Amino acid sequence: MLKHLFKLIWNKKKENFLLISEILISFMVIFAVFTLLVYNYQNYAVPKGFEEENVWSVDLGELNVSKNKDSVGVLHENLRNVLKNLPEVKAISYASANVPFSNSMFTSGTGYKGIRINVDVNRVEDDYKQVLGLSLLSGRWFSPEDNGLAKSTVILNEEAKERLFGKEDAIGKMISDGSSKVIGVIQNLKDKSDFKAPMPAIYTRIDTGKINQMNQILVRVAPGTTAAFEGKMYKMIASTIKSTNLEIKHLSDMKAEKNKETIIPMIIFFIVTGFLIINVALGIFGVLWYNINKRRAEIGLRRAIGATSSAVSTQLLGEALVIATFSLIIGSFFAVQFPLMKVFDLPTSVYLLAQFFAILFIYLLVVICALYPGKQAAAIYPAVALHEE
Amino acid sequence: MFKNYFKIAIAVLKRRKFFTFISLFGISFTLTILMVLTSFIEVMLSPNYPDVNRDRELFITRVELRSSKEDYTMMGALNFYLVNNFIAKMKTPEKIAMHSNRSTTNAYPNNKKLSVDLMYTNLAFWEVYQFKFLMGKPFSEQQLKNAEQVVVISEDLGNNYFGEGVSALGKEIEFNNLRYKVIGVVKTAPATVFYAASDIYLPYTLDVSTSGGTSLMGSYLVTLLAKSADDLPVMQEEYQQLLKRVPHPEENEELLFSYADTYLESFTRYVLGKGVASGRDQFFLILSAVIFVFLLLPTVNLMNINVSRIMERSSEIGVRKAFGASSRTLVGQFLVENLILTLLGGLMGLFMAMATISILNSSGLIANLDLKINFIVVCYSLLACLVFGLMSGVYPAWRMSKLNVVTALKANN
């Protein structure tokens, strides 16, 4: 039966050429859509590893003071005391500018036993863990016992630990040519956006001498804190340190902003492809319908010599599916090149899943488009059809 | 003859309403997308309020310092020192506007939080960019010199800060814990005017980062306004000559690169630029490739439908051929019919595009977006219609002209 159908299509390859190329192009478009969808969903499903609600990021802007290190350091300590005394403030930590969902990046190379990777470097304080609600996987977080050590101590995220150490235990090992000691591993922070996979990152402790370089503070406030309090806090900070362009942002707002960078292009892309697919579906439907009308005589004859109406509609559906299969074989050949040639830096599983969904989608589309014309063909009365002939 | 073709085309369209619907749906939707895209590119690139002189402007947005071993690169906007001591002395530009990168801060009027953008500007900024002053005027030379605490604000900020309909002129506005006097209110610049859009404009003398230092990297951008568009290459050349005189003695900063680019180039260089090449050609190549791929699917679809429709008319074709119509005449007739269909779809697309654009403009997705369908956009769309109609019409017409008279007449009875 199947062989017979293939033969039928092959004999009419010239007539079906356009239909095959149309389904082929649709398959490639759908493949792109599902690749995007699967990739973004996989990233979305990764646990975020921290709690951004009720955390504010304070950008101190440009400090309007002399470049004298000590005086700036004193200013930072003063500011810390002022903020800590507010009842609404639960915890605060100075940090480097690359706080979660910010536009800043700070990467550096690190290595262990010949493996070298680039990592995001986050400079944080002891209370950072409390501010963001991080979960420790092994080892310990920073504490005052790290003060004045000869070798600096660092904490890795899971991703960085995996890449550097694999299954090995990382605690107590020296990385970056023996200059820093790993004391802990924390769960990955999905801190770029909900749709970005976590990157390898390391966390270093801000020593008291370096605090003057930090112009970012993360503040965890009590739930339900109002804009009125924010205004009060803004004034307090601004009058403690003289700076321009002081800015307070909520991490949840910053996250929404970052998510938009993925969501808006995706929505536009989906709307456009959605219409394209409706367009194609209508086209396929029309062509199949027309073809069936053209073959009334043939169908009438088949019915007359005893084919049941369901056999007729199955045949037409089968033909449409065989045409789709032709396109999908060619399309899959192209689609498979993506993981093989590593065109984009995406995991192979994403491509394979996307290809699977795209094939399923195309078959479904073709079945839907062929169903009605098939039913119409089945309703042809042999007598009427043959009489016309 | 064309009148006849037209009559036949309309008759054919009426005959199979379903096919007509599919064709028109495909064409109008495709053209809607193209028109919205064109008007988007239009609003991004062509001169718009307040940047009306864009045709004769060049933008210097960053400097790049590299070590001679090429293993160290640093880039950023320009320092005030570089602008003031070197660029300001250029001869060819008619005017040289300077403004800082847009930076953001908060204001808290009446316990409400506002996020406001601000930038520091010089006097020429107000001449190069033609802001419409709803109230007041820009700061004077005297005010700039004395570093008076005065600001020009956008209409939107005025409404948000002081309330709708309240005159902001002469009032005080507070941010960065300092109070500034509002001396002017301008019509808000749309966010699509990438460099000059802001909520607050201050005299650059209030910027603390302008004092001292000979570092080249800072937070300032420069817009050079030429006397005419012909002067742009001269200006670019003068800027390259000027860079040779700028000292950069530090280690690892032996090579200095910076370019005075047109508006589009200043973006493409950032993403696609390599060395001296601005990446503009590459940008157009990528854009046309995307449009081609986007057009491919609807075109093949339309072709497919056209083939079906034309074969349906095989008896008509057979009769005309039998009476001596040449293949060429038939192909011509079919192409004209197809073009009529496409133009009809294009007209529908135009209305759909207008609706989409007015939705986009009012959605607030991009602040103060002002997409328009103007003459140029319509012309481009008309061109797209023609290309689309020809592309989808040629293959079916060719198939039709190959029809054998006898089979054509016999097939349909």
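What counts and how
Residues numbered from 1 in each chain as written. Chains lettered and ligands numbered in written order. Predicted model: local features only at pLDDT ≥ 70, side-chain atom pairs only at ≥ 80, totals over all residues. pLDDT = per-residue confidence, 0-100. Domains from an automatic or database assignment. Contact = placed C-beta atoms within 7 Å. Nonpolar A, V, L, I, M, F, W, Y, C, P; charged D, E, K, R; others polar. UniProt positions renumbered as here; feature names shortened; annotations may be inferred. Helix = DSSP H or I, 4+ residues; strand = E, 2+ residues; numbered from the N terminus. Axes fitted to C-alpha atoms, helices over the stretch in contact; angles between N-to-C directions. Parallel < 35°, antiparallel > 145°, perpendicular 65-115°, else oblique. Left-handed = near helix turned anticlockwise from the far one by under 90°. Pairing = 2+ DSSP bridges.

Asks: Just checking my understanding: could you explain the confidence of the model for chain B for this structure?
Replies: The predicted coordinates of low-pLDDT regions are not to be read in fine detail. In the predicted model, chain B carries a mean pLDDT of 86, and the fraction of residues at 70 or more is 98%. If you check the scores for this complex, the pTM reads 0.79 and the ipTM reads 0.72.

Asks: I would appreciate a short explanation of the domain arrangement of chain B in the present structure.
Replies: For interface size, the figure often reported is the accessible area lost on association. All names here are of chain B. You can read the domains of chain B as domain 1 (2-47 + 282-411) and domain 2 (62-260). For domain 1 versus domain 2, the separation of C-alpha centres amounts to 47 Å. Listed per partner, the contact involves 7 residues of domain 1 and 4 residues of domain 2. A breakdown of the residues in the side of domain 1 that touches domain 2 according to their chemical character gives 5 nonpolar, 1 polar and 1 charged.

Asks: Explain the UniProt feature "transmembrane region" (unreviewed entry) in chain B to me, please; I cannot follow it from the model alone.
Replies: Per the UniProt annotation, the sites labelled "transmembrane region" (unreviewed entry) are residues 21-41, 72-88, 283-303, 339-361 and 373-395 of chain B. Secondary structure over residues 339-361 of chain B splits into 100% helix and 0% strand, and the C-alpha atoms at its two ends are 31 Å apart.

Asks: Explain unusual backbone geometry to me, please; I cannot follow it from the model alone.
Replies: It is generally the case that most residues other than glycine have a negative phi and that most peptide bonds are trans. Each neighbour pair has its own omega, and for Tyr-49 of chain B with Pro-50 of chain B the value is -5 degrees, a cis peptide bond. Tracing the backbone shows Pro-50 of chain B in the loop between α2 (17-45) and β1 (57-60).

Asks: Sorry, what's going on with the packing of helix α9 (residues 309-341) of chain A against helix α10 (residues 348-378) of chain A here?
Replies: All names here are of chain A. Put simply, α9 and α10 touch, their axes get as near as 8 Å, and they point 160 degrees apart. Relative to α10, the element α9 lies roughly antiparallel. Classified by chirality, the crossing of α10 by α9 is right-handed. Looking at the contact of α9 with α10 residue by residue, the class counts come to 20 nonpolar, 7 polar and 1 charged.

Asks: For this particular structure, what's the right way to read the domain arrangement of chain A?
Replies: Residues and elements named next belong to chain A. Assigned domains within chain A: domain 1 (2-46 + 257-388) and domain 2 (61-245). Centre-to-centre separation of domain 1 and domain 2, based on C-alpha positions: 52 Å. Taken residue by residue, the interface counts 8 residues in domain 1 and 9 residues in domain 2. Those elements giving two or more residues to the side of domain 1 that touches domain 2 turn out to be α2 (13-45) and α7 (251-294). Ranked by residues supplied to the side of domain 1 that touches domain 2, first place goes to α7 with 4 residues.

Asks: So what exactly am I meant to see when it comes to the UniProt feature "transmembrane region" (unreviewed entry) in chain A here?
Replies: Residue and element names in this part refer to chain A. Per the UniProt entry, the sites bearing "transmembrane region" (unreviewed entry) are residues 16-39, 263-290, 311-338 and 350-372 in this numbering. Here residues 263-290 is 100% helix and 0% strand, with 40 Å between the C-alpha atoms at its ends. End-to-end, the C-alpha atoms of residues 311-338 are 40 Å apart, and along that stretch the chain is 100% helix and 0% strand.

Asks: What exactly am I supposed to notice about the sheet that holds strand β13 (residues 247-250) of chain A here?
Replies: Sheets are built from strands that pair by backbone hydrogen bonding, the pairs being arranged parallel or antiparallel. All names here are of chain A. A sheet is described by the order of its strands in space; here 4 strands give the open sequence β3-β11-β1-β13, paired in antiparallel fashion. Across the chains shown, the open sheet's two edge strands, defined by having one partner strand only, are β3 (89-95) and β13. Taken over all neighbouring pairs, the strand axes of this sheet differ in orientation by 20 degrees on average, direction set aside. Two strands pair when backbone bridges link them, and strand β1 (residues 55-59) and strand β11 (residues 216-221) are joined in this way by 5 bridges, in the antiparallel orientation. Across the sheet, the residue bridging to Trp-56 is Val-219, located in β11. Running over the sheet, α7 touches β1 and β13 and is turned about 75 degrees from β13.

Asks: Hey, could you run me through the interface of chain A and chain B in this one?
Replies: Counting from both sides, the interface comprises 32 residues of chain A and, opposite them, 29 residues of chain B. Elements with a minimum of two residues in the side of chain A that touches chain B: α2, α6 (227-240), β13 and α7 of chain A. Looking at the side of chain A that touches chain B, the element that brings in the most residues is α7 of chain A, giving 10 residues. When the residues that make up the side of chain A that touches chain B are grouped by side-chain class, the tally is 17 nonpolar, 10 polar and 5 charged.

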